Amino acid sequence: NAGVTQTPKFRILKIGQSMTLQCTQDMNHNYMYWYRQDPGMGLKLIYYSVGAGITDKGEVPNGYNVSRSTTEDFPLRLELAAPSQTSVYFCASSLTPNTEAFFGQGTRLTVV
Amino acid sequence: DAKTTQPPSMDCAEGRAANLPCNHSTISGNEYVYWYRQIHSQGPQYIIHGLKNNETNEMASLIITEDRKSSTLILPHATLRDTAVYYCIVRVVSSGTYKYIFGTGTRLKVLA
């Protein structure tokens, strides 16, 4: 059972480039989340989804977009990369809001 | 903003109980307290959660004060593999769904 899988693990972007961080889960979870973690800090919620076709903003959504066309996949899009988006990005999923969230291993993104 | 306050770091001798405190004085009546830990830079791992009763599972115990303004995570017999950053999180209800609001956590170091 793979759980939550994120790709790529590492990426370096130039300012102004765009990219999509992929997240997929095989647990048939309705709830999925994207977090970012800056050095020495806790995680901050970027976007979340309560099911296919439904997404909403978290604490720090500016500069990002998401979509949820299937239960399994929840990609995060950066349109115009900025140095402030240098961070580690974690995707997570949970069956319900009350159950534990499972996290992926993270994508380390550097914008130069 | 995080709704929890934790000490930035703690040490614990191997084999001893590790008691990690958390203050959540502004918690609302229907908000749960969750604990996760993050080893190195991996994705956070669920430990335990509770509302107002004390909880125990195979990993840890959670003690919540009667007024719910604080809680303590107890690792009964800490091992070197328990060295990690421990996050105390209040799950808040916002825009009709639930979100985890992470703080900066406690860095626990288990000493041989």
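Residue positions are counted from 1 within each chain, in the order its sequence is given. For this description, chains carry letters from A and ligands carry numbers from 1, given in the order in which they are written. Only residues with pLDDT of at least 70 are given local features in this predicted model, and only at 80 or more are side-chain atom pairs given and counted; all residues enter the totals for whole chains, interfaces and linings. Each side-chain value is derived from all of the structure's non-hydrogen atoms; neither hydrogens nor water enter the calculation.

## Some details on unusual backbone geometry
Reasoning step 1: Cis geometry marks the peptide bond from Thr 7 of chain A to Pro 8 of chain A, where omega comes out at -5°.
Reasoning step 2: Here a helix means four or more residues in a row that DSSP labels H or I, a strand means two or more in a row labelled E, and each is numbered from the N terminus. Mapped onto the secondary structure, Pro 8 of chain A falls in the loop between strand S1 (4–7) and strand S2 (10–13).
Reasoning step 3: The phi angle at His 40 of chain B is positive, at roughly 50°, despite the residue not being glycine.
Reasoning step 4: Topologically, His 40 of chain B is positioned in the loop between strand S3 (32–38) and strand S4 (45–50).
Reasoning step 5: Residue Arg 68 of chain B is not a glycine yet carries a positive backbone phi of 65°.
Reasoning step 6: Relative to the helices and strands, Arg 68 of chain B is located in the loop between strand S6 (61–64) and strand S7 (70–75).

## Remarks on the layout of surface pockets
Reasoning step 1: Here the term cavity refers to a set of points on a 1 Å grid, laid over the protein atoms alone, in which a 1.4 Å probe fits but cannot get out; the term pocket refers to an open set having protein on both sides within 12 Å along at least five of seven lines, with lining residues being those that place an atom within 4 Å of a point. Grid points are joined across faces, edges and corners, and a volume is the space filled by probe spheres set on the points. Of the voids in this model, the largest pocket is the one considered here, and its volume is about 410 Å³.
Reasoning step 2: In terms of lining, the largest pocket is formed by 22 residues, of which the most central are Gln 38, His 40, Ser 41, Val 85 and Arg 107 of chain B.
Reasoning step 3: Elements supplying a minimum of two residues to the lining of the largest pocket: strand S9 (87–94) of chain A together with strand S8 (84–94) and strand S10 (106–111) of chain B.
Reasoning step 4: The greatest single-element share of the lining of the largest pocket, amounting to three residues, is contributed by S8 of chain B.

## Considering the state of the cysteines
All names here are of chain A.
Reasoning step 1: Any cysteine sulfur atom paired with another within 2.5 Å is treated as part of a disulfide. In this structure the tally under the stated criterion is two disulfides over all chains.
Reasoning step 2: Each sulfur of the disulfide joining Cys 23 and Cys 91 lies 1.8 Å from the other. Disulfide Cys 23-Cys 91: the torsion about the S-S bond is -70°, which places it as left-handed. Of this pair, Cys 23 sits in strand S3 (residues 19–25) while Cys 91 sits in strand S9, and the two are 68 residues apart along the sequence. Comparing Cys 23 with Cys 91 shows no difference in burial state: the two are buried. Throughout, exposure labels follow a simple rule: accessible area from a 1.4 Å probe, protein chains only, divided by the maximum for the residue type, with under 20% read as buried, over 50% as exposed, and the rest as partly exposed.

## Overview of the sheet that holds strand S8 (residues 76–78) of chain A
Residues and elements named next belong to chain A.
Reasoning step 1: By this definition, two strands are paired if DSSP reports at least two bridges between them. One open sheet accounts for four strands, arranged S1-S3-S8-S7; its pairing is antiparallel. Of all strands in the sheet, those bounded by a partner on one side alone are S1 and strand S7 (64–66). Taking each pair of neighbouring strands and ignoring which way they run, the sheet shows an average axis angle of 20°.
Reasoning step 2: Judged from the four bridges that link them, S1 and S3 form a sheet pairing that is antiparallel. Of the residues in S3, the one forming a bridge with Thr 7 is Gln 22. Between N-to-C directions, angles cover 0 to 180 degrees, with each direction set by a line fitted to C-alpha atoms, over the stretch in contact for helices.

## Overview of the interface of chain A and chain B
Reasoning step 1: Residues count as neighbours in contact if any of their non-hydrogen atoms are within 4.5 Å of one another. Every contact between the two is made by 23 residues of chain A and, on the other side, 22 residues of chain B.
Reasoning step 2: As used here, buried area is the combined drop in accessible area, with a 1.4 Å probe, of two parts when they are placed together. Together chain A and chain B conceal approximately 1,800 Å² of surface at their shared face, both sides included; 53% is due to carbon and sulfur atoms.
Reasoning step 3: Residues adjacent in sequence count toward polar contacts only when both atoms are side-chain atoms; beyond that, a polar contact is any pair of N or O atoms within 3.5 Å, and within protein one must be able to donate a hydrogen and the other to accept it. Put simply, chain A and chain B have three residue pairs in polar contact (both at pLDDT 80 or more) between them.
Reasoning step 4: Elements represented by at least two residues in the side of chain A that touches chain B include exactly strand S4 (31–37), strand S5 (43–51) and strand S6 (54–57) of chain A.
Reasoning step 5: Here the side of chain A that touches chain B is composed, by residue class, of twelve nonpolar, six polar and five charged. In the scheme used here, Gly and all other residues not listed as nonpolar or charged are polar, with Ala, Val, Leu, Ile, Met, Phe, Trp, Tyr, Cys and Pro taken as nonpolar and Asp, Glu, Lys and Arg as charged.

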